[in-house]
Amino acid sequence: MPIVQSIKTKAFYIFKCVLIPIGIWYAFVFHIELAELPPIIHNNFKQDCHDKGIRFEEYTVTTDDGYILSLYHIPGSGPPVLLVHGLSNSANCFILNQCARPPAFFLSDSGYDVWLGNMRGSHLSRGHTHLNSSNDDYWDWTMVELIRYDLISFIKFIKARTEYEKVALLGHSQGGSVILWALAQHPDMYSQYISIGILIGTPGAYINTQSLYIKLLLSDTFHFFSKIFSVNVISDWTDDLFLAKFIIRWPKVAKWICKDMLDMDFNKGTIEDLSVYIHRMRGGTSFKNIEFWTHIVNAKERNPLMYDYGKEGNLKRYNSIIPPRIDFSRVETKIAFFGGELDFAVIQSDSRILKESLNSEIVVFYNDTYHEDHGGFVFGCTMSYYNDLLEVLGKHSN
Ligand SMILES: *[C@@H]1O[C@H](CO)[C@@H](O)[C@H](O)[C@H]1NC(C)=O
Ligand SMILES: *[C@@H]1O[C@H](CO)[C@@H](O)[C@H](O)[C@H]1NC(C)=O
């Protein structure tokens, strides 16, 4: 009798603690899998351009360290503008806006010759002459390589295909940092080619971000688990549509995550739009790059050190044992800055410190009070900075 009793108890226990949660999990997954997605989510950049009657060309560019990157082009007769996407993002972020004209199309409508680069690590730029992106060594880089190799490769390619003397650069978030750091660290390499660097929602080096998502990426816990599981690439959910479906099925949770974590409230976009943005803007960056940003945020220096690869790595990359310090006052190229009063990934007081770190003569435009949050600069319904952007480009793009 006690034995039977015990078996019964055990069976009940297994049922309660194992089968019920598994059942609930499957019901949850099934519920999400049935979500209906907006058809545009399955498009790629080329199809979007085609559907809107916009000319599109695609090129690949090989960097000096062997990364094969994709570069998109929306031809126009005006001066060339290269758009540089943010951390773990892709060129898609400049064409996805569903409730206002997206930045790439807006600039193209205005006559500019628009180019969009996909930085290494983005799922649209995973090629390499001899490394395989499934392996660790492909992911051995930080923003230092983006400024040293990727950006210059794009610019040289564009320069060879334009009559214009110079290229204007526009970067969102980390894309703006890539531009600014490149101009500060390698003025000899870049200044001759660049008319103006336009920084949108761009962090300097003194960073007090309020974004929970970014704080999570920078946290010790995240780094601890990433190392335990040997994670080398961040935010690489490739072709899986689960997250997009989750957003449609759990709009309240999704909106909370997007607003409070990703800083993407984007002024009244719909939940379908949100699923498109989250799915299609996905990129992928190296864990090492996140480590680099963590060093920068923790150091709280206006002029930070470049990534420390250790003695040998530093000698190889920088020709010195200690990594060089970025000095923003070395930037010689004109800079325009657009910041949002609702942006809590890049907050206004930090932006003002960045502005002070630059030589005041080169700052041709600065406004950090647009009614936009961090995502709003690309996905917002108001795009309140467009008129000023056109004015800045009109004056300074050649
Ligand atoms: C990269 O490596 C993966 C797994 O090791 C393999 O399946 C894939 O075919 C490789 N890709 C190339 C282009 O060699
Ligand atoms: C900055 O932009 C806001 C929003 O468009 C505008 O109201 C304000 O006048 C601008 N400030 C300056 C100094 O131009």
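Going along each chain's sequence as written, the residues are numbered from 1 onward. Chains carry letters from A onward and ligands carry numbers from 1 onward, assigned in written order. Only residues with pLDDT of at least 70 are given local features in this predicted model, and only at 80 or more are side-chain atom pairs given and counted; all residues enter the totals for whole chains, interfaces and linings. Think of the side-chain values as coming from all heavy atoms in the structure, minus any hydrogens and water.

1. As for the UniProt feature "transmembrane region" (unreviewed entry) in the chain
UniProt positions are given in the numbering used here, feature names are shortened, and annotations may be inferred rather than shown by experiment. Here, UniProt's "transmembrane region" (unreviewed entry) annotation points to residues 12–32. Secondary structure over residues 12–32 splits into 100% helix and 0% strand, and the C-alpha atoms at its two ends are 29 Å apart. Starting at the N terminus, helices and strands are each numbered in turn, a helix being any DSSP run of H or I of at least four residues and a strand any DSSP run of E of at least two.

2. Notes on the domain arrangement of the chain
Under the domain assignment, the chain is made up of domain 1 (1–34) and domain 2 (43–396). Between the C-alpha centres of domain 1 and domain 2 there is a distance of 47 Å. The criterion used for residue contact is that any of the two residues' heavy atoms lie within 4.5 Å. Residue-level contacts link six residues of domain 1 with five residues of domain 2. Take the accessible area each of two parts loses on contact, using a 1.4 Å probe, and add the two losses: that sum is the buried area. Both faces combined, the contact of domain 1 with domain 2 buries some 650 Å², and carbon together with sulfur accounts for 64% of it. For the domain 1 face of the interface with domain 2, the top three residues by lost area are His31, Ile32 and Glu33, together amounting to 71%. Segmentation into domains, and thus their bounds, comes from an automatic or database assignment.

3. Some details on the site of ligand 2
Lining the immediate environment of ligand 2, one finds Asn367, Thr369 and Tyr370. In this structure, Asn367 approaches ligand 2 through a side-chain N or O atom, which is 2.3 Å from an oxygen atom. Residue-level accessible areas treat just the shown protein chains as cover; the underlying method is Shrake-Rupley with a 1.4 Å probe. Here ligand 2, which alone exposes 360 Å², has 36% of that area covered by the protein. Any residue with a non-hydrogen atom lying within 4 Å of a molecule or strand is treated as near it. Two N or O atoms count as a polar contact when they lie within 3.5 Å, although within protein this holds only if one can serve as hydrogen donor and the other as acceptor, and sequence-adjacent residues are included solely when both atoms are side-chain atoms.

4. Comments concerning the pairing of strand E4 (residues 113–117)
Within E4, five of the five residues are buried, leaving the element largely enclosed by the surrounding structure. One requirement defines pairing of two strands: DSSP has to find at least two bridges between them. The sheet contact formed by strand E2 (residues 67–74) and E4 spans four bridges and is antiparallel. Counterpart to Tyr72 in the pairing with E4 is Leu116. One ladder, built from five bridges, connects strand E3 (residues 80–84) with E4; its direction is parallel. Within the sheet, the bridge partner assigned to Leu82 lies in E4 and is Trp115. For every residue, the accessible area (1.4 Å probe, protein chains only) is compared with the maximum for its type, and the residue is labelled buried under 20%, exposed over 50%, or partly exposed between those bounds.

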